[in-house]
Amino acid sequence: MNKNMTYPGYHQDKHGVTTLGRIVLDAWLFGFLPETEDCAGWQLGQMQVLADRIEAEWDKYGNLPSRLPPDLRERHTALYQAATERARKKGWDPELGDED
């Protein structure tokens, strides 16, 4: 993958629940980024650094939303519910397979 490639940003993402889109959502969840920052124009290396930070944070909770403290669990639910609704409006179908 070309390291000079950039992410278009969550708001310009194909549907927002892509791998990079979920990194942005989780960065918002954990307070690593303000919700005004959607990573538009970030190089993939920058996204990887953020992903590593998020992975370390998720590890504290066994990578399970159910293990988040109540305030973070509620925030996770709200962020991902909004993201899912937005993605569906953009044509995302969670039932499609990898080839679709």
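A few points on the structure. These figures come from a predicted structure and were not determined experimentally.

## A look at the overall build of the protein
And step 1. Along its length, the protein carries three helices and zero strands.
And step 2. By principal-axis analysis of the C-alpha atoms, the protein measures approximately 35 × 30 × 25 Å.
And step 3. Looking at the protein as a whole, 36% of its 100 residues are labelled buried.
And step 4. Contacts spanning at least 24 positions in sequence make up 60% of the contacts within the protein whose residues lie at least 6 apart.

## Quick notes on the packing of helix α1 (residues 19-29) against helix α2 (residues 44-59)
The relative placement of two packed helices comes down to the angle between their axes together with the axis-to-axis distance.
And step 1. Closest axis-to-axis distance for the α1/α2 pair is 10 Å, and the angle between their directions is 55°. Compared by their axis directions, α1 and α2 come out oblique. Here α1 runs over α2; the crossing is left-handed. In this structure, α1 contributes Leu-20, Ile-23, Val-24, Asp-26, Ala-27 and Leu-29 to the contact, and α2 contributes Leu-44, Met-47, Leu-50, Ala-51, Ile-54 and Trp-58.
And step 2. Here the residues of the contact of α1 with α2 sort into 11 nonpolar, no polar and one charged.

## Quick look at unusual backbone geometry
And step 1. One non-glycine residue, Cys-39, lies in positive phi territory at about 70°.
And step 2. A positive phi is found at Asn-63, a non-glycine position, where the angle reads about 60°.
And step 3. Residue placement: Asn-63 occurs in the loop between α2 and α3 (70-89).
And step 4. Overall, the relative accessible area of 44% leaves Asn-63 in the partly exposed class.

## Points about the nonpolar core
And step 1. Ranked by internal contacts, the top residues of the largest apolar core, which has 26 residues, are Phe-30, Cys-39, Leu-50 and Ile-54.
And step 2. Those elements that provide at least two residues to this core are α1, α2 and α3.
And step 3. Sort the elements by how many residues they give to this core and α1 lands first, with six residues.
And step 4. Ignoring any residue separated from it by four or fewer positions in sequence, one finds Phe-30 in contact with Ile-54, Glu-57, Trp-58, Tyr-61, Leu-68 and Leu-72.

## Quick word on α2
Spacing of three or four residues puts side chains on the same side of an α-helix, whose turn is 3.6 residues.
And step 1. Taking 1.5 Å of rise per residue, 16 residues should cover 22 Å, and α2 covers 22 Å from first to last C-alpha, within 8% of that figure.
And step 2. All buried positions along α2 are accounted for by Leu-44, Met-47, Leu-50, Ala-51, Ile-54, Glu-57 and Trp-58. One face of α2 carries all of its buried residues, which in axial projection span an arc of 130°.
And step 3. Considering only its buried residues, α2 is in contact with α1 and α3.

About the cut-offs
Residues numbered from 1 in each chain as written. Predicted model: local features only at pLDDT ≥ 70, side-chain atom pairs only at ≥ 80, totals over all residues. Heavy atoms only, no water. Helix = DSSP H or I, 4+ residues; strand = E, 2+ residues; numbered from the N terminus. Buried < 20%, exposed > 50% of the residue type's maximum accessible area, 1.4 Å probe, protein only. Contact = heavy atoms within 4.5 Å. Axes fitted to C-alpha atoms, helices over the stretch in contact; angles between N-to-C directions. Parallel < 35°, antiparallel > 145°, perpendicular 65-115°, else oblique. Left-handed = near helix turned anticlockwise from the far one by under 90°. Nonpolar A, V, L, I, M, F, W, Y, C, P; charged D, E, K, R; others polar. Core = buried A, V, L, I, M, F, W, Y, C linked by side-chain atoms within 4.5 Å. Expected span 1.5 Å × (residues − 1). Arc of directions from axis to C-beta.

Honestly, it's all geometry; don't read function into it.
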